[in-house]
Amino acid sequence: MHAVAAPLSALVVALLVYSGARAWQVAATALAAVTLHAALEVSRRRPVAGFAVASAAMLGLVLTPTPGWEPGALPSAVCFLVALWRTTAATGFRLRLAALLVSVGGIVLSGLVSWYRVDGAVPAWMPWATGTIGLGVVAAVWAAAIAATGRKARAARAEARRLAAAVSAERAHLRRDLHDVIAHSITVMVARVDAASVTTSDAGTGHELEDVADAGRDALGALRSMLTVLDAERPTPGKRPLTVAALPELVEAAATPLHRVTFTEAGARRPLTIGAELAVVRVVQEGITNALRHVRSPVAVEVRLDWRGPDVVVEVRDDGGDGVLDGGSPGTGLAGVRERVEAAQGSFTVARAAPGDGGWALAARLPAKGAP
């Protein structure tokens, strides 16, 4: 703007001198041009102040009585439009409306002054036509600034939503990892301590072990309460902490004298996708955790893995034990497992292990690679 409009305005000032304008008129025009460029710089950081300075400079141009002169003919007058844009884009509704009214008022005043000064060499309709064009330009700049501000605001909101979704997904990963790993481990520990407290012959030791088990259940309840503040969005396959090959060891670690946990596998093991393998492990973890947490011991849990069909079928079944054990508030483990299985293009069911039986069975069918 400075490199183009300033030299052209200097040329206009030179033409005024050549046309016989008075010295003060030339000086007023030059001062207005310099002020407009200064207002352009002020409006970078202070849009309202820059617009006010630019408006004062335009008012000086309108009131300068130069024959045959239109204030809009000065190239530096474009600086006023830029100041109007910045003020409209950076302020609220009231200041935007005020800027528009000031601009329209300046155009109307310029048209009236031009019409009053018109001589016989210039048609009477010329000032009105010029004023109409000026009003159209001001309105277009004002509307375009509002539209650009709206686009930026929408883009900022979209970026905020994208960041919120990323944060939510990360929180969901944290929640699932805490639930699948830590909650499962604490449940197994509590079950083993319960078994030890029953089988020990020392009454004092048994009492201490019962206290440890109660503390573990309290810690598990607190953990589940904290997990509720983390969003549980649909998961995305990631790096798996366990594999199908680790299931026998996982099952063995959960077994105690009061919790008979067994593992059987039928058919030749075949490769799985990362999502399917992770889902198989989570089904087993969740099934064992629920059985140990919600079923009163002694309880028998059977984990089956069947590769004989086109898909791999994983099932975790308990016999109902000695009844239902109050394990605290329900968690979101089953919902998370279902989402993992469905994300891996599989199906998941939860049902009674047998009619009239108190046990439950978790079963998932997931696609496997290769022929059975």
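Residues numbered from 1 in each chain as written. Predicted model: local features only at pLDDT ≥ 70, side-chain atom pairs only at ≥ 80, totals over all residues. Heavy atoms only, no water.

Caption draft 1: Layout of the overall build of the protein chain. Of the regular secondary structure elements, the protein chain holds ten helices and five strands. Counting all 372 residues of the protein chain, 39% fall into the buried class. (Helix = DSSP H or I, 4+ residues; strand = E, 2+ residues; numbered from the N terminus. Buried < 20%, exposed > 50% of the residue type's maximum accessible area, 1.4 Å probe, protein only.)

Caption draft 2: Main features of the pattern of salt bridges. All told, the structure shown has six salt bridges when counted by the stated rule. When the shortest N-O distance is used, the salt bridge between Glu 41 and Arg 44 registers 3.1 Å. On the criterion of helical spacing, the pair formed by Glu 41 and Arg 44 is a turn pair, its members being three residues apart in helix α2 (residues 23-45). For Glu 315, the salt bridge identified is with Arg 317, shortest N-O distance 2.5 Å. The class of Arg 317 is partly exposed, set by a relative accessible area of 22%. In the salt-bridge network here, residues are joined through shared partners; they are Glu 302, Arg 304, Glu 315 and Arg 317. (Salt bridge = Lys/Arg side-chain N within 4 Å of Asp/Glu carboxyl O.)

Caption draft 3: Quick look at the environment of Val 48. Inspection of the secondary structure puts Val 48 in helix α3 (residues 47-63). Among the residues examined, Val 48 registers a relative accessible area of 39% and is labelled partly exposed. On a C-alpha basis, the gap between Val 48 and Leu 84 in space is 8.7 Å, while along the polypeptide they are 36 residues apart. Ignoring any residue separated from it by four or fewer positions in sequence, one finds Val 48 in contact with Thr 87, Thr 91 and Leu 95. (Contact = heavy atoms within 4.5 Å.)

Caption draft 4: Region of the structure containing α2. For α2, built from 23 residues, the straight-helix expectation of 33 Å at 1.5 Å per residue is met to within 8% by its first-to-last C-alpha distance of 34 Å. Along α2, the residues classified as buried are Gln 25, Val 26, Thr 29, Ala 32, Ala 33, Leu 36, His 37, Ala 39, Leu 40 and Ser 43. (Expected span 1.5 Å × (residues − 1).)

Caption draft 5: Inspection of the packing of α2 against helix α4 (residues 78-90) at higher detail. Orientation of α2 relative to α4, taken along the N-to-C sense of each, is 20°, at an axis distance of 9 Å. Here α4 runs roughly parallel to α2, going by the angle between their axes. As for how α2 packs across α4, the hand of that crossing is left-handed. Contacts between α2 and α4 involve Leu 36, His 37, Leu 40, Ser 43 and Arg 44 on the former and, on the latter, Cys 79, Phe 80, Val 82, Ala 83 and Arg 86. Residue composition of the contact of α2 with α4, by class: six nonpolar, two polar and two charged. (Axes fitted to C-alpha atoms, helices over the stretch in contact; angles between N-to-C directions. Parallel < 35°, antiparallel > 145°, perpendicular 65-115°, else oblique. Left-handed = near helix turned anticlockwise from the far one by under 90°. Nonpolar A, V, L, I, M, F, W, Y, C, P; charged D, E, K, R; others polar.)

Caption draft 6: Looking closely at the sheet that holds strand β2 (residues 299-306). Read across the open sheet, the five strands follow the order β1-β2-β3-β5-β4; overall the sheet is mixed. On the outer flanks of this sheet lie β1 (259-266) and β4 (347-352), each paired with one strand and no other. Within this sheet the neighbouring strands show an average axis-to-axis angle of 10°, counted without direction. By the bridge criterion, six bridges tie β4 to strand β5 (residues 360-367) in an arrangement that is antiparallel. Bridge assignment links Ser 347 to a residue of β5, and that residue is Arg 365. Along the sheet, helix α8 (residues 247-254) makes contact with β1 and β2, crossing β1 at roughly 165°. Each of β4 and β5 is contacted by helix α10 (residues 333-343), which is oriented at about 145° to β4, the strand it contacts most. (Pairing = 2+ DSSP bridges.)

Caption draft 7: Quick look at unusual backbone geometry. The backbone of Gln 345 sits at a positive phi, close to 65°, despite the residue not being glycine. Of note, Gln 345 is situated in the loop between α10 and β4. Relative accessible area serves as the criterion here: at 66%, Gln 345 is assigned to the exposed category.

Caption draft 8: Representation of α3. Here α3 contains 17 residues, and its C-alpha end-to-end distance of 24 Å stays within 8% of the 24 Å for a straight helix at 1.5 Å per residue. Those residues of α3 not exposed but buried are Pro 47, Gly 50, Phe 51, Ala 54, Ser 55, Ala 57, Met 58, Leu 61 and Val 62. Viewed end-on, α3 has its buried residues packed into an arc of 165°, placing them on one side of the element. In this structure, α3 carries Ala 56 and Leu 63 as exposed residues pointing more than 90 degrees from its buried face. (Arc of directions from axis to C-beta.)

Caption draft 9: Structural view of the confidence of the model for the protein chain. Across the protein chain, pLDDT averages 78, with 78% of residues at or above 70. Across residues 231-240 the pLDDT falls below 50, and counting only partners more than four positions away or on other chains, this stretch makes 24 contacts in the model. (pLDDT = per-residue confidence, 0-100.)

Caption draft 10: Molecular detail of the environment of Thr 130. If you trace the backbone, Thr 130 turns up in helix α6 (residues 125-199). Measuring from C-alpha to C-alpha, the distance between Thr 130 and Ser 110 comes to 9.4 Å, with 20 residues separating the pair along the chain.

Caption draft 11: Inspection of a positive patch on the surface at higher detail. A grouping of Arg 151, Arg 154, Arg 157 and Arg 161 is seen on the molecular surface, where their side chains present a positively charged patch. Along the chain, Arg 161 falls in helix α6. When its relative accessible area of 54% is taken as the criterion, Arg 161 is described as exposed. (Patch = residues over 30% accessible without salt bridge, like charges linked within 9 Å, V, L, I, M, F, W, Y side chains within 5 Å. Areas by Shrake-Rupley, 256 points an atom, 1.4 Å probe, with all protein chains shown as cover. Lys, Arg positive; Asp, Glu negative; His and termini not counted. Charge placed at Lys NZ, Arg CZ, Asp CG, Glu CD.)

Caption draft 12: Expanded view of the side chain of Thr 88. For Thr 88, the location among the structural elements is in helix α4. For Thr 88, the residues in contact, after removing those within four places along its chain, are Arg 96, Trp 142, Ala 145, Ile 146 and Thr 149.

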